[in-house]
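# Survey of secondary and tertiary structure
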Amino acid sequence: MLHETELPLADVALASGFGSVRRFNEVFLQLYGRAQGTLRGRRAELSQAAALTLRLPYRPPYDWQAILAFLARRTIPGLERIDGEGYHRVFRVGETIGSVSVNNASADSALHASIRLTELSALPSVIARLRRLFDLQADPEAIRQGLGRDPALAPLVEGRPGLRVPGGWDPFEIAVRGILGQQVSVDAATRLAGRLVERLGECLEGQAGIGLERLFPAAERFAFDEIKALGMPSARATALVQLADTYREQPRLFDRRQDLDETVAHLCALPGIGEWTAHYIAMRGLQDSDAFLPTDVALQRVLAEQGRRPTPRELLARAEAWRPWRAYAVMHLWHADAATTKAAKPQQEECDATLA
């Protein structure tokens, strides 16, 4: 950002994860032996470049394939795409339209993001969203120590030490996806989201140059008749419209509150959002590392003992020891459940074939 943009130093420091410009200057001087201003000689020329390629560091290990697989199952055609090694998306931030392509550079312990923007002033916001989407703030060692004391979680954490909690582009989008996913499978929810984006999303006519042409719908585009036409139950269509109306009237609707309990209570007061959905929004949309889903069937299934699944109350009690990393426990348990289901499926198909 120093080399390729004209952003103020305060914005560069914040987007890079520093709490103050002073600390940013100290670290830069320690690493490079010179002041950061020495890199800004060509900034006016470079700020006109069609694309910026930025390095977004993380603490290794980083399970890139796991996060890609998670996002791939939820990819909305036209809005985003995953092509084996990279993630691609178009977006709007305020009045700025852009696109981004992200790849993992494991040898560099960083993601490399190629970003195109109509206005560079939106870059700090885009970087903050990417850091949330790919959970770049995670500390794998602290998570390992926090979860490794549980006998069921220890082997899962050791098996996937770089597992992250995939975030979302913004909390409103995650809230909409969460409501669409209520009482249906992930695949069904993704199909609904695809139809929603196709019907209500603004068309870019391939402007981004990466084969993507639809923005996620802005709140003002949510209309009951349009959403109901997607095959949505009336109650869910109403919830989506009311959520969009509330968000339009309160742009800071999804700001994090003082603590997780207050955040969840605030979200549960919104139309169509219960406790599971509220924690899901907190986990993926607000990057709360302690969000938890005690009513989730997959979690209960993985932690069953002698055929008996724990109740939500029992699961909450057990998860007290996992704080403040309960969201990472959810991800490990989801992956374990998916692996068990995948392993059991060929056996079931073989059994079905035998019976046939």
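Up top is the structure these notes are about.
Right, let's talk about the overall build of the protein chain for a bit. Check the secondary structure of the protein chain and you find 16 helices and 5 strands. Of all 356 residues assigned to the protein chain, the portion counted as buried reaches 47%. In the protein chain, the proportion of contacts linking residues at least 24 apart, taken out of those at least 6 apart, comes to 62%. For the protein chain, the exposed area adds up to about 17500 Å²; of that, 50% sits on carbon and sulfur atoms.

Glancing now at the pattern of salt bridges. Within this structure, the stated rule accounts for 23 salt bridges. Taking the shortest distance from any N to any O, the salt bridge between Glu-141 and Arg-144 comes out at 2.6 Å. Note that Glu-141 and Arg-144 are positioned in helix H6 (residues 140-147) at a spacing of 3 residues, about one turn of the helix. The class of Glu-141 is partly exposed, set by a relative accessible area of 37%. Here Arg-144 falls in the partly exposed class, since its relative accessible area comes to 32%. The salt bridge partner of Arg-177 is Glu-173, with a shortest N-O separation of 3.2 Å. Linking Arg-177 with Glu-173, this pair stays in helix H8 (residues 171-180), spanning 4 residues, or about one helical turn. When its relative accessible area of 3% is taken as the criterion, Glu-173 is described as buried. Through salt bridges that share partners, Glu-80, Arg-89, Glu-173 and Arg-177 make up one connected network.

With that settled, the discussion passes to H6. Every buried residue of H6 is accounted for by Pro-140, Ile-143, Gly-146 and Leu-147. Projected onto a plane normal to the axis of H6, the buried residues spread over an arc of 130 degrees and lie on a single side.

A contiguous patch of negative charge, built from Asp-259, Asp-261, Glu-262 and Glu-275, is present on the exposed surface. With respect to the helices and strands, the residue Asp-261 is situated in helix H12 (residues 260-268). Taking the relative accessible area as the measure of exposure, Asp-261 reaches 58% and is therefore exposed.

By the alternation rule, side chains of strand S1 (residues 52-57) split into Leu-52, Leu-54 and Leu-56, which are all buried, and Thr-53, Arg-55 and Pro-57, of which none is buried. Two strands pair when backbone bridges link them, and S1 and strand S5 (residues 110-117) are joined in this way by 6 bridges, in the antiparallel orientation. The partner of Pro-57 across the bridge, within S5, is Ala-110.

It is at 10 Å that the axes of H8 and helix H11 (residues 234-249) come closest, and there the two elements cross at 170 degrees. By the angle between their directions, the pair H8 and H11 is classed as roughly antiparallel. For H8 against H11, the interelement crossing comes out right-handed. Contacts from Phe-172, Ala-175, Val-176, Ile-179 and Leu-180 of H8 reach H11 at Arg-236, Leu-240, Leu-243, Ala-244 and Tyr-247. Taken together, the residues that form the contact of H8 with H11 break down as 9 nonpolar, no polar and 1 charged.

By the criterion of burial, H8 is predominantly enclosed, with 10 of the 10 residues buried. Burial in H8 covers these residues: Pro-171, Phe-172, Glu-173, Ile-174, Ala-175, Val-176, Arg-177, Gly-178, Ile-179 and Leu-180. The inward-facing, buried residues of H8 contact strand S2 (80-82), strand S3 (86-93), helix H5 (123-133), helix H9 (186-200), H11 and helix H13 (275-285). Two or three places before Phe-172, at the opening of H8, Asp-170 has a side-chain oxygen 3.1 Å from that residue's backbone nitrogen.

Cut-offs applied
- Residues numbered from 1 in each chain as written.
- Predicted model: local features only at pLDDT ≥ 70, side-chain atom pairs only at ≥ 80, totals over all residues.
- Heavy atoms only, no water.
- Helix = DSSP H or I, 4+ residues; strand = E, 2+ residues; numbered from the N terminus.
- Buried < 20%, exposed > 50% of the residue type's maximum accessible area, 1.4 Å probe, protein only.
- Contact = heavy atoms within 4.5 Å.
- Areas by Shrake-Rupley, 256 points an atom, 1.4 Å probe, with all protein chains shown as cover.
- Salt bridge = Lys/Arg side-chain N within 4 Å of Asp/Glu carboxyl O.
- Arc of directions from axis to C-beta.
- Patch = residues over 30% accessible without salt bridge, like charges linked within 9 Å, V, L, I, M, F, W, Y side chains within 5 Å.
- Lys, Arg positive; Asp, Glu negative; His and termini not counted.
- Charge placed at Lys NZ, Arg CZ, Asp CG, Glu CD.
- Pairing = 2+ DSSP bridges.
- Axes fitted to C-alpha atoms, helices over the stretch in contact; angles between N-to-C directions.
- Parallel < 35°, antiparallel > 145°, perpendicular 65-115°, else oblique.
- Left-handed = near helix turned anticlockwise from the far one by under 90°.
- Nonpolar A, V, L, I, M, F, W, Y, C, P; charged D, E, K, R; others polar.
- Polar contact = N/O pair within 3.5 Å; in protein donor to acceptor, adjacent residues only side chain to side chain.

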